[in-house]
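Structural characterization, general
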Amino acid sequence: MVSPPPPLLDDPEPNTAPSEAATEPEATEPEATEPEATGADAAAGRALDWLNRQGGWLAAILLVGLIAGLVGHSIGEPSHPAADSVDVGFLQDMYHHHDQAVEMSLIMAADASNKIVRGEAQEIVIQQRFEQGAMAAWLGEWGHDLGDLDRTAMTWMKTPTPIDQMDGMQSPQQMAALRAATGTEKDILFLQMMNDHHRGGIHMADYAAARAADPRVRNQAKIMARNQSMEIAEMNGMISRLQRLN
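My aim in this report is to walk through the structure given alongside it, one point at a time.

About the thresholds
- Residues numbered from 1 in each chain as written.
- Predicted model: local features only at pLDDT ≥ 70, side-chain atom pairs only at ≥ 80, totals over all residues.
- Heavy atoms only, no water.
- Helix = DSSP H or I, 4+ residues; strand = E, 2+ residues; numbered from the N terminus.
- Buried < 20%, exposed > 50% of the residue type's maximum accessible area, 1.4 Å probe, protein only.
- Contact = heavy atoms within 4.5 Å.
- Areas by Shrake-Rupley, 256 points an atom, 1.4 Å probe, with all protein chains shown as cover.
- 1 Å grid on protein atoms, 1.4 Å probe; cavity = no way out; pocket = protein on both sides within 12 Å on 5 of 7 lines; lining within 4 Å.
- Points joined across faces, edges and corners; volume = space filled by probe spheres on them.
- Nonpolar A, V, L, I, M, F, W, Y, C, P; charged D, E, K, R; others polar.
- Core = buried A, V, L, I, M, F, W, Y, C linked by side-chain atoms within 4.5 Å.
- Phe/Tyr/Trp six-rings, centres within 6.5 Å; stacked < 30°, edge-to-face > 60°.
- Axes fitted to C-alpha atoms, helices over the stretch in contact; angles between N-to-C directions.
- Parallel < 35°, antiparallel > 145°, perpendicular 65-115°, else oblique.
- Left-handed = near helix turned anticlockwise from the far one by under 90°.

**As for the overall build of the protein chain**
Secondary structure summary: the protein chain contains eight helices and two strands in total. Starting at the N terminus, the α and β elements of the protein chain follow one another as α-α-α-α-α-β-β-α-α-α. Within the protein chain, the proportion of its 246 residues that are buried is 35%. Taking the contacts inside the protein chain whose residues are at least 6 apart along the sequence as the reference set, 75% of them involve residues at least 24 apart. As presented, the protein chain carries roughly 15600 Å² of accessible surface, and 56% of it is formed by carbon and sulfur atoms.

Given below as C-alpha cells:
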C-alpha cells in the first residue's frame, strides 16, 4: 500500500508574491449527478478512482491484480447444471421412477396380507418420498422443473427411451396384475416387481454417482444405490420365506 506523502514543512522565508493560483481561482465544472453505485460496483469504482490519482506504473500493476481478482471471483461462482446435464436428467427421471415405486408400495401398504411385507412397503413410501423432496428442491434451485411426462428419458445416459420404459419400470399390465392379485400371491408379486424396479434404479443411480457434477447429486445417487441393494437382499429373503409357507 502506498502512503500519502508527508505534509511540507513551513517555509522559513515565505514568498509573499501572489501566485496565479491565488489570484485566479480554478474554474470548476458542475458535477454530473449519477445514481450512487453500491456493493461491488462502488468498491471497484473507488479503486479505479484511486488508481487514476497514482502514477501510471502503479496503476498498471494494481489494475492487473484487480482484474485477476474479478476473474477469479467469476470462476469461483457456482454454475447451475444445464437442462441436458447428467445431474438434471438423473433427478427428473429418478423422480418419475420413484413415483411408480411409491404407487406399488401404497397398494401394498393397504392390501398386503403379510405384516412384514406391509412394513417394507411403508418404508419404501417414506424413503422415496423423502428423496423426491430433495430432488425437486435441487431442480428448483437450478431453475428446472420435474420435466414433461411424455418426454424421452435417459438421454443423459446416452440410452434414450420412452419415460414409461426406463430401466426397472413395470408395464401397465404388470401394475394391473398387482392390483388384482390377493393374499400371499400378491405379496410375492409385489416383492418380485419391486426387486426388478430397484435393479433398474440402481443402474441409473450408479451412472449418476460416477458422472454427475454436483457433489450432492453424486452422494444421493450413491445412497440410493446402496439402500436399494440392501432392500433387494431383504425382499429376496421375504420371497423365499413366503414361498416356503405358501
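**Overview of empty space enclosed by the protein**
The method is simple in principle: a probe with the dimensions of a water molecule rolls over the atoms, and the space it marks as empty is what remains. Tallied over the full model, the rule gives one cavity of 30 Å³ or more. Its boundaries defined by the atoms lining it, the largest cavity holds a volume of some 50 Å³. In terms of lining residues, the largest cavity is bounded by I124, Q127, Q128, E131, M224, N227, Q228 and E231. Among the secondary structure elements, those contributing two or more residues to the lining of the largest cavity are α5 (115-141) and α8 (215-245). Residue composition of the lining of the largest cavity, by class: two nonpolar, four polar and two charged.

**Looking at the nonpolar core**
Core analysis: the biggest nonpolar cluster contains 29 residues, and F90, L91, W156, M166, M204 and V217 have the highest contact counts within it. Residues within four places of M204 in sequence aside, it is in contact with F90, D93, M94, H97, M154, W156, M157, M166 and D167. Residues A112, I124, M175 and L178 belong to the second largest nonpolar core, which totals 19 residues.

**Quick look at the packing of aromatic side chains**
In the structure shown here, the tally under the stated rule is two aromatic pairs. The interplanar angle of 75° and the centroid separation of 5.6 Å between the aromatic rings of F90 and W156 together place this pair among those described as edge-to-face. Taken together, the positions of F90 in helix α4 (residues 86-111) and W156 in the loop between β1 (152-153) and β2 (161-162) put the pair 66 residues apart, joining distant regions of the chain. There is no split in this pair, since F90 and W156 are both buried. Exposure remark for W156: the relative accessible area of 4% places this residue in the buried category. An aromatic cluster of at least three residues, connected via ring pairs, comprises F90, W156 and Y207.

**Here's the deal with the packing of α5 against α8**
Packing of α5 against α8 brings their axes to within 12 Å, and their N-to-C directions diverge by 165°. Here α8 runs roughly antiparallel to α5, going by the angle between their axes. Crossing of α5 against α8: the hand is left-handed. Residues I116, V117, E120, I124, Q127, Q128, E131, M135, W138 and E141 of α5 form the contact with α8, whose own contacting residues are R216, V217, Q220, M224, N227, Q228, E231, E234, M235, M238 and L242.

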